[in-house]
Amino acid sequence: MAQKWKWGILFSGDNLTLDETVDYARQAEDAGADSLWTTELGRDAFVPLAAMAAECKTVRLGTGVATYARPPAMTEISAMSMAELTGGRFILGLGTAPPMWNENWHQLSVDKPARRMREYVEAIRLMWTASPTNPIDYEGDYIKVSDYRRIMAPPYPPLPIYLAAVQPAMLQLCGAIGDGLIANLLNTPHYFTDIVHPNIKKGLAKAGRQLGDIELCSLKVCSVDKDRERARRRARPPIAFYSNLPYFDQVLDPAGFEKEKMAIRAAMAENDVQKMLDLVTEDMIDALVLAGTPDEVRKKLESFEGLFETLILYCPMPWLEPEESKANHAAMIETFAA
């Protein structure tokens, strides 16, 4: 029997207006979505999710992800506010973001991102125990918090924290301390069997935990259209864009796309977007994303059965026209509707 997927949508701060985003979120909930997510690209991760929470009353709502460039105290306060707003349906998804974004945009240089993320999570969880009369201190190599007091008691118990992970160290950390994994949006079945599962299990074993203690989620670029070629064309931009991030070497190189990856990066260095798109091969589309007609997209998922529990759909971005983005969101919801 084919796996019955729990599914959701990640809204990326793309070229939808916030009103349109909330409308598609409502449609997804009505169609049977299990979860809705927002990330920090065009918008922050929390405000759009709060707007969705006002309209969507049953789905889980998560940041997918908020980045650790944000001060941990601000993340803790925002997370507890979202837990209260959603009646406890909130998931705090955290990620590092690419190193060059942190360095160029936030003046944040980190030589051991997994270590910093461990401290970031530990500090946030400790902050949840603070009160006006019970201040907390946290002393790490990267994160330091002194005399932190919550002015009000936490409105909810400790929240689930999911970690975005691609490389072995972060996957092991997720297994050790995370309530869930958010696998990033370019991936293959072999990546799950050869890299994700072994490293998640190593982390679980070190912490004395079991596989049932963690929810495995995966982002998947989903370009779906009744016109097969149009769907495949829309899939090129995210492959071209994300192939430039070095941590996707864990996915691209074993899949045989090292040469293509390096050519795309050279075109990126020249700011030649069209050349980047032209360098994305048909084999890359086949291997890395869900692209095609609704039937083809559902069929493609069969190769991932048993590898993760929750599917998080991602509309192909960037460089998509607004009308194409709207059409793709509508098509994703229709394709996976209960």
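Attention in this report is confined to the structure presented alongside it. Here the residue index of a chain counts from 1 through its sequence in written order. Since the coordinates come from a predicted model, pLDDT governs what is reported: local features require at least 70, and pairs of side-chain atoms require 80 or more to be given and counted, while whole-chain, interface and lining totals use all residues. To obtain the side-chain values, all non-hydrogen atoms of the structure were used and water was disregarded.

**Side note on the overall build of the chain**
Comment: elements are numbered from the N terminus, with helices defined as DSSP H or I runs of at least four residues and strands as E runs of at least two. Looking only at helices and strands, the chain has 15 helices and twelve strands in total. Here the globule rule reads 2.2 Å times residues to the power 0.38, and the radius of gyration is calculated from C-alpha atoms. Whereas a compact globule of 338 residues would reach a radius of gyration of roughly 20 Å, the chain reaches 20 Å, a difference of no more than 12%. Any residue under 20% of the maximum accessible area for its type is buried, any over 50% is exposed, and the rest in between are partly exposed; the area is computed with a 1.4 Å probe on protein chains only. For the chain, with 338 residues in total, the buried portion stands at 55%. By the convention used here, residues are in contact when the closest approach between their heavy atoms is within 4.5 Å. Summarising the internal contacts of the chain: among those between residues at least 6 apart in sequence, 74% fall at separations of at least 24.

**Let's talk about the side chain of arginine 232**
Within the secondary structure, arginine 232 is located in helix α8 (residues 228-234). By relative accessible area, arginine 232 is classed as buried at 4%. Any pair of nitrogen or oxygen atoms within 3.5 Å is treated as a polar contact; in protein, a donor-acceptor pairing is required on top of that, and neighbouring residues in sequence qualify only through side-chain atoms on both sides. Within the structure, the side chain of arginine 232 is placed 2.7 Å from the side chain of glutamate 282, a separation counted as a polar contact. The contacts of arginine 232, once residues within four sequence positions are left out, are Glu282, Ile285, Asp286 and Ala291.

**Regarding the layout of surface pockets**
For each structure, a 1 Å grid was placed over the protein atoms alone; sets of points admitting a 1.4 Å probe that cannot get out are labelled cavities, open sets with protein on both sides within 12 Å along at least five of seven lines are labelled pockets, and lining residues have an atom within 4 Å of a point. Grid points are joined across faces, edges and corners, and a volume is the space filled by probe spheres set on the points. Counted as a void, the largest pocket has a volume near 790 Å³. In terms of lining, the largest pocket is formed by 37 residues, of which the most central are Gly95, Thr96, Ala97, Pro98 and Tyr247. Looking at the lining of the largest pocket, the elements with two or more residues in it are α4 (99-106), α5 (113-127), β8 (161-165) and α6 (168-177). Among the elements that take part in the lining of the largest pocket, α4 stands out by supplying six residues, more than any other. Amino acids outside the nonpolar list (Ala, Val, Leu, Ile, Met, Phe, Trp, Tyr, Cys, Pro) and the charged list (Asp, Glu, Lys, Arg) are all regarded as polar, and Gly is one of them. Of the residues in the lining of the largest pocket, the class split is 25 nonpolar, ten polar and two charged. Volume-wise, the second largest pocket comes out at about 280 Å³. Together, 17 residues line the second largest pocket, and Gln3, Lys4, Trp5, Trp7 and Phe336 are the ones closest to its centre.

**Digging into α6**
For α6, a buried count of eight out of ten residues is recorded, marking the element as mostly surrounded by other parts of the structure. Buried within α6 we find Met170, Leu171, Gln172, Leu173, Cys174, Gly175, Ala176 and Ile177. Where α6 is buried, its residues contact α5, β8, β9 (180-183) and α7 (189-206).

**Comments concerning the side chain of asparagine 102**
Structurally, the position occupied by asparagine 102 is in helix α4. From its side chain, asparagine 102 meets the backbone oxygen of threonine 96 in a polar contact 2.9 Å long. Beyond its immediate stretch of four places on either side in the chain, asparagine 102 contacts Tyr68, Ala69, Thr96, Ala97, Gln107 and Leu108.

**Comments concerning α5**
The end-to-end C-alpha distance of α5, which contains 15 residues, comes to 21 Å, matching closely the 21 Å that a straight helix rising 1.5 Å per residue would cover. Looking only at α5, the buried set comprises Ala114, Arg116, Met117, Glu119, Tyr120, Val121, Ala123, Ile124 and Met127. Given the number of residues in a helix, its expected span is that number minus one, multiplied by 1.5 Å.

**Let's talk about the nonpolar core**
Ranked by size, the top nonpolar core spans 115 residues in total, and within it Leu36 and Leu94 carry the most contacts. Per-element tally for this core: the top contributor is α5, with seven residues. With residues near it in sequence (within four places) discarded, leucine 36 still touches Ile9, Phe11, Ala25, Ala28, Leu49, Met52, Cys56, Val59, Arg60, Leu61 and Gly62. Among buried residues, those of type Ala, Val, Leu, Ile, Met, Phe, Trp, Tyr and Cys that are joined through side-chain atoms within 4.5 Å constitute a nonpolar core.

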